[in-house]
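# Tertiary structure, described
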Amino acid sequence: MSRTYATDEQYERWFMAECCRCGRRKHKAGHWPDGYVCRTCSDRAVRTRGICPGCGQGRSLPGLHPVDGAPICTTCAGFSQTFDCSRCGFEGKLLGGRLCERCTLADRLTVLLDDGAGRVRPELAPLFNLLVAMDKPSSGLAWLALRHDQPGNASERLRQLGLGQIPLTHDAFHELQPWRSAAHLEELLMASGVLPAVDKYICSFQRWLPGHLADIADPEHAKTIRLFAIWRVLPRQRARADRRSHPASAASPPSRSSTRPPSSSGSASGTPLSPPAARSTSTPGGPRTVSTAATV
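Read on for a plain summary of the structure. (Residues numbered from 1 in each chain as written. Predicted model: local features only at pLDDT ≥ 70, side-chain atom pairs only at ≥ 80, totals over all residues. Heavy atoms only, no water.)

### With respect to the overall build of the protein
Note the cut-off: Numbering of helices and strands runs from the N terminus; a helix is a DSSP stretch of H or I covering at least four residues, while a strand is a stretch of E covering at least two. Burial classes follow relative accessibility: with a 1.4 Å probe on protein chains only, a residue under 20% of its type's maximum area counts as buried, one over 50% as exposed, and anything between as partly exposed. In this analysis, two residues are considered to be in contact whenever any of their non-hydrogen atoms come within 4.5 Å of each other. The method behind every accessible area is Shrake-Rupley, applied with a 1.4 Å probe, and residues are considered shielded solely by the protein chains displayed.
Assigned secondary structure in the protein consists of 12 helices and 10 strands. Considering the protein as a whole, with its 296 residues, one finds that 30% of them fall into the buried category. Here the analysis covers contacts within the protein between residues at least 6 apart in sequence; of these, 35% occur between residues at least 24 apart. Accessible area of the protein: about 19,300 Å², with a carbon and sulfur share of 56%.

### Remarks on a nonpolar patch on the surface
Rules: A residue counts toward a patch only above 30% relative accessible area and without a salt bridge, and it is joined to like-charged neighbours within 9 Å or, for Val, Leu, Ile, Met, Phe, Trp and Tyr, to nonpolar neighbours within 5 Å. A pair is scored as a salt bridge if a Lys or Arg side-chain nitrogen falls within 4 Å of a carboxyl oxygen belonging to Asp or Glu.
Judged by side-chain polarity, Tyr5, Trp14 and Phe15 come together as a nonpolar surface patch covering roughly 330 Å² of accessible area. Note that Trp14 resides in helix α1 (residues 8-15). In this structure Trp14 comes out as partly exposed when scored by relative accessible area, which is 41%.

### Side note on the side chain of His174
Worth spelling out the cut-off: N or O atoms within 3.5 Å of each other form a polar contact, as long as, within protein, one can give a hydrogen and the other can take it, and as long as residues adjacent in sequence are counted only when both atoms are side-chain atoms.
Residue position: His174 is located in helix α8 (residues 170-174). A polar contact is formed between the side chain of His174 and the side chain of Glu186, at a distance of 3.5 Å. Those residues in contact with His174 that lie beyond four places of it in its chain are Glu186, Cys203, Gln206 and Arg207.

### Some remarks on the pattern of salt bridges
Evaluated as defined, the whole model comprises 9 salt bridges. Residue Asp43 pairs with Lys93 through a salt bridge whose shortest N-O separation is 3.1 Å. Pair noted here: Asp43 is in helix α2 (residues 39-46) and Lys93 is in the loop between α3 (74-77) and α4 (101-112), with a separation of 50 residues, a long-range link. For Arg47, the salt bridge identified is with Glu101, shortest N-O distance 2.5 Å. Residue Arg47 is found in the loop between α2 and β5 (49-51), and its partner Glu101 is found in helix α4; the two are separated by 54 residues along the sequence. The exposure class assigned to Glu101 is buried, which follows from its relative accessible area of 12%. Linked through salt bridges whose partners overlap, the residues forming this network are Arg39, Asp43 and Lys93.

### Details of the nonpolar core
Operational definition: By nonpolar core is meant a set of buried Ala, Val, Leu, Ile, Met, Phe, Trp, Tyr and Cys residues that side-chain atoms within 4.5 Å join together.
The biggest cluster of nonpolar side chains holds 28 residues, and the ones touching the most others in it are Leu109, Trp143, Leu158, Leu161, Phe173 and Leu189. Elements with a minimum of two residues in this core: α4, α5 (125-132), α6 (137-145), α7 (154-162), α8 and α9 (179-192). Of all the elements, α9 adds the most residues to this core, at 5 residues. Non-local contacts of Leu161, meaning those with residues more than four positions away in its chain, are made with Arg121, Leu124, Ile166, Leu168, Phe173, Leu185 and Leu189. Of all hydrophobic cores here, the second largest spans 14 residues; its members include Val37, Cys38, Cys41 and Ile72.

### Here we look at the packing of aromatic side chains
The way to describe two aromatic rings as a pair is by their centre distance and the angle between their planes. So the rule is basically this: Only centres within 6.5 Å qualify two rings of Phe, Tyr or Trp (six-membered ring in Trp) as a pair; their planes then separate them into stacked at under 30 degrees, edge-to-face at over 60, and tilted for everything else. The criterion for a charge sitting over a ring is simple: Lys NZ or Arg CZ within 6 Å of the ring centre, and within 35 degrees of the ring normal.
In the structure shown here, the tally under the stated rule is 5 aromatic pairs. Taken together, a centroid distance of 6.4 Å and an interplanar angle of 80° make the contact between Trp14 and Phe15 edge-to-face. Ring geometry for Trp32 against Phe83: centres 6.1 Å apart, planes inclined by 75°, an arrangement best described as edge-to-face. In this pair, Trp32 is assigned in strand β3 (residues 30-32) and Phe83 in the loop between α3 and α4, connecting sequence segments 51 residues apart. Within the aromatic cluster, the residues linked to one another by ring pairs are Tyr11, Trp14 and Phe15. Of note, Lys28 hangs over the ring of Tyr36, and the distance from its end group to the ring centre comes to 4.5 Å.

### Describing the packing of α4 against α6
Stated precisely, the cut-off is as follows: Only the stretch in contact is used when fitting a helix axis, every axis being a line fitted to C-alpha atoms; angles between N-to-C directions are given from 0 to 180 degrees. Crossing handedness is defined as follows: a turn of the near helix away from the far one that is anticlockwise and smaller than a right angle gives a left-handed crossing, while the clockwise case is right-handed. In this classification, the charged set is Asp, Glu, Lys and Arg, the nonpolar set is Ala, Val, Leu, Ile, Met, Phe, Trp, Tyr, Cys and Pro, and all remaining amino acids, among them Gly, are polar.
It is the contact of α4 with α6, at a shortest axis distance of 9 Å, that shows an interaxial angle of 35°. In this structure, the crossing between α4 and α6 has a hand that is left-handed. On α6, the residues touching Glu101, Arg102, Thr104, Leu105, Arg108, Leu109 and Leu112 of α4 are Pro137, Ser138, Gly140, Leu141 and Leu144. For the contact of α4 with α6, the class distribution of residues is 6 nonpolar, 3 polar and 3 charged.

The values are spatial; any link to function lies outside them.
Encoded structure:
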């Protein structure tokens with residue numbers, strides 16, 4: 001690899017070192033009290049949280065105890081650097097501007113959901129709050145960066161939502177491609193209350209049906225399938241969705257024996273009498289007849 005600022009030997013000496021945690025020779029992420037650490041070990045150590053055995057405080061534990069190797073906080077380990085966010089003060093992995101992952105995620109969502117007036121679109125405020133409050137903000141940052149060079153990625157869809165280019169309706173999302181990313185964003189909008197809740201299987205069917213009908217050459221066949229889907233398939237799916245959301249009302253109906261009214265001629269114990277038994281009779285040379293007689 002040709003570099004204008006350093007030769008291969010200089011690059012190796014300046015930027016590479018053997019990690020004190022994993023032992024592999026990788027890019028330096030920092031110099032800690034126990035030696036140089038790579039980016040992988042640095043991220044894993046900074047995300048380790050718990051009660052420090054040295055000071056008893058609950059915080060990030062990137063250091064290692066010199067005796068037993070137990071995770072300890074930066075103060076007890078003698079770190080010369082801190083991992084406190086410059087905005088909220090949370091101790092963890094720092095990104096650009098010494099901001100934590102959650103503050104970085106909030107900044108990126110603010111830009112993407114901007115309605116053009118320098119603010120998050122008011123209708124999308126619940127979605128913004130839901131994403132910022134997620135348990136792992138690193139997953140949200142990875143989702144925003146996923147397929148950034150392909151059309152229909154998450155960042156592009158959020159930007160279109162912020163500018164009002166995508167209507168806040170289920171039908172609008174059923175027409176978007178790629179459908180998987182659109183379906184995921186639609187579920188997030190339903191979870192945040194921006195869109196009304198609809199069963200995901202119904203959404204998938206309504207998203208699949210127009211494309212399937214478009215592939216049918218015969219208009220009469222397409223019309224028949226569309227009517228069948230609207231009047232037979234969708235009602236069944238809605239009934240299943242109701243049973244899933246209200247399992248108590250989906251219990252099986254009582255048996256006929258439990259709802260049968262007691263017979264006035266039944267036994268003293270209330271047990272219903274057995275039905276009449278069939279008895280066949282025949283006459284020589286005549287037709288075979290069947291008569292019934294009640295058994296007492």
